[in-house]
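# Summary of structural features
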Amino acid sequence: MKTIKLYDEDSHLYNFEAEVISCEKSDDKYIIVLDRTAFFPEGGGQKSDTGFIEKSAVTDVQIRNKIIYHYADSPVEAGQRVKCGIDERRRFRHMQNHSGEHIFSGIAHTLYGCENVGFHLGDEVTVDFDIELNEAQIRRIEAKANEAVCKNLKITAEYPDSKTLSTLDYRSKLELTEDVRIVTVDGIDVCACCAPHVSYTGEIGIIKVLNFMRHRGGVRIFIKCGLDAFEDYCIKCNNLARISTALCAKQNEAADVFDKFSNDTLELKQKLTKLSKELAALKAQSIEDTDGNILLFEDECDMPTLRTAVLDGAKHAGGICAGFSGNDKNGYIYVASSQNIKLRAMSKEINTVLNGKGGGSDELIQGSVKATRTEIEKYFSEV
């Protein structure tokens, strides 16, 4: 016995009644078989529907040998007629994204001869094409896909007979011979597909490309459609509003203002680095010779500058010259050098006592520590 697929007859059917054929326990789940169902099982790159059968929550749906299995958290009695419902929000968003993908892939195939070789509809939606497309081509497909949405074109799903099927020019990842379900977007795409779809392209709302990357000789495209795209837009608008407020810029000008801000910041960092090196050189010149250790502390100093200062300071120290940059809250980077003490053997002790990591040679070691200035000064006063 095969399960009657109600989602084939009406993709917008969210509540229905069915007879329980069987219910068997498997680990911590109950596997329920109905005589008919509107639950779409996982397949074609799309996750399954979720919902309920009576008071039992359905968390997964699979199909094997034309029988659809519902994985639920509690049992129902075989032979009874039950009320069932699927998560309407999840189903509709899946339909929006899947129908949007068909439009996008169909246009990509028409314009550039792309073959869809991979599709995933879960927490994110990805489409893989066998041809590498550039950004201009992808944006052209995106624009035409949204034009198709605005035309509110009819979308149909049917099982043509073998004779009719043999005359159709349709997209398919697999060689199919029986029970081939064809989804047609009027004037845009004809494709073999087992999943539920919206009835008109206008239900999709919007098709938006979020990102793309090279993938196995082709391209992987990340998209969102409909309500998922709207939510993504809201999140990005909120982030952009915060950024534009911080930059004192209009939202549509934020990127240009940020570019200027970044360039100004880079110039300031370069000036700061130059001044830090000059200051380190002046400090090194003022260091007096000592038979003991020398400690240098800098609030903001990069590793190369700190290393230069420490190497100069080591010339005046009978022991170790160690330089630290940072603060007690976030920790310090450090460089230590000596002309008289072999430091490689000491690095393990330094890292253990001062909660640090790093290493180097006998003449110079460097790394970082999670210790306070007081703890650092105490350690080097006792070495």
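Notes on the structure in this doc start here. (Residues numbered from 1 in each chain as written. Predicted model: local features only at pLDDT ≥ 70, side-chain atom pairs only at ≥ 80, totals over all residues. Heavy atoms only, no water.)

### Looking at the sheet that holds strand 15 (residues 218–225)
Read from one edge to the other, the open sheet built from 4 strands follows the order 9-10-15-14, with strand pairing classed as antiparallel. Each edge of the open sheet carries a strand with a single partner, namely strand 9 (116–121) and strand 14 (207–215). Neighbour-to-neighbour, the strand axes of this sheet turn through a mean angle of 20°, independent of strand direction. As paired strands, strand 14 and strand 15 are joined by 8 bridges and run antiparallel to one another. (Pairing = 2+ DSSP bridges. Helix = DSSP H or I, 4+ residues; strand = E, 2+ residues; numbered from the N terminus. Axes fitted to C-alpha atoms, helices over the stretch in contact; angles between N-to-C directions.)

### Some thoughts on the state of the cysteines
Per the counting criterion, the structure on display carries 0 disulfides. With no disulfide partner, Cys248 has as its closest neighbouring cysteine sulfur the one in Cys237, 19 Å distant. By relative accessible area, Cys248 is classed as exposed at 74%. (Disulfide = S-S within 2.5 Å. Buried < 20%, exposed > 50% of the residue type's maximum accessible area, 1.4 Å probe, protein only.)

### Section: the sheet that holds strand 12 (residues 182–185)
Strand order across the open sheet formed by 3 strands is 11-12-13, with antiparallel pairing between neighbours. The sheet is open, and its two edges are formed by strand 11 (155–158) and strand 13 (189–192), each paired on a single side. Each strand of the sheet is rotated relative to its neighbour by a mean of 15°, with strand direction disregarded. As paired elements, strand 11 and strand 12 share 4 bridges and run antiparallel to each other. What sits directly across from Ile155, in strand 12, is Val185. Across the sheet, helix 2 (residues 88–112) touches strand 11, strand 12 and strand 13, and the angle it forms with strand 13 is around 115°. (Contact = heavy atoms within 4.5 Å.)

### Some details on the packing of helix 2 against helix 5 (residues 226–247)
At a minimum axis distance of 7 Å, the contact between helix 2 and helix 5 shows a crossing angle of 95°. Relative to helix 5, the element helix 2 lies roughly perpendicular. In this structure, helix 2 contributes Arg89, Phe92, Arg93, Gln96 and Asn97 to the contact, and helix 5 contributes Gly226, Leu227, Asp228 and Glu231. (Parallel < 35°, antiparallel > 145°, perpendicular 65-115°, else oblique.)

### Side note on the side chain of Thr37
With respect to the helices and strands, Thr37 occurs in strand 4 (residues 36–37). Here the side chain of Thr37 touches His70 through a polar contact of 2.9 Å, side chain to side chain. When sequence neighbours within four positions are dropped, the list of residues in contact with Thr37 reads Thr3, Ile4, Lys5, Leu6, Tyr7, Phe16, Ile68 and His70. (Polar contact = N/O pair within 3.5 Å; in protein donor to acceptor, adjacent residues only side chain to side chain.)

### Thoughts on the pattern of salt bridges
Within this structure, the stated rule accounts for 19 salt bridges. Glu382 is the salt-bridge partner of Lys378, the closest N and O atoms lying 3.0 Å from each other. Taken together, the residues Lys378 and Glu382, both in helix 9 (residues 373–382) and 4 residues apart, mark about one turn of the helix. Look at Glu382 and you get exposed, because its relative accessible area is 57%. A network of salt bridges, in which partner residues are shared, links Arg89, Arg93, Asp228 and Glu231. (Salt bridge = Lys/Arg side-chain N within 4 Å of Asp/Glu carboxyl O.)

### Digging into the packing of aromatic side chains
Scanning the entire structure with this criterion turns up 10 aromatic pairs. Judged by centre distance (6.1 Å) and plane angle (75°), the ring pair of Phe16 and Phe39 falls under edge-to-face. Highlighted residues: Phe16 in strand 2 (residues 15–26) and Phe39 in the loop between strand 4 and strand 5 (51–53), separated in sequence by 23 residues. In terms of burial, Phe16 and Phe39 fall into one category: buried. Ring centres 6.3 Å apart and planes at 5° place the aromatic pair Phe104 and Phe129 in the stacked group. Here Phe104 is found in helix 2, whereas its partner Phe129 is found in strand 10 (residues 125–129), with 25 residues between them in sequence. With relative accessibility at 0%, the residue Phe104 sits in the buried group. Site record: aromatic cluster; members linked through ring pairs are Phe297, Phe324, Tyr332, Tyr334, Tyr379 and Phe380. The aromatic ring of Phe297 is capped on one face by Arg373, whose charged end is 4.0 Å from the ring centroid. (Phe/Tyr/Trp six-rings, centres within 6.5 Å; stacked < 30°, edge-to-face > 60°. Lys NZ or Arg CZ within 6 Å of the ring centre and 35° of its normal.)

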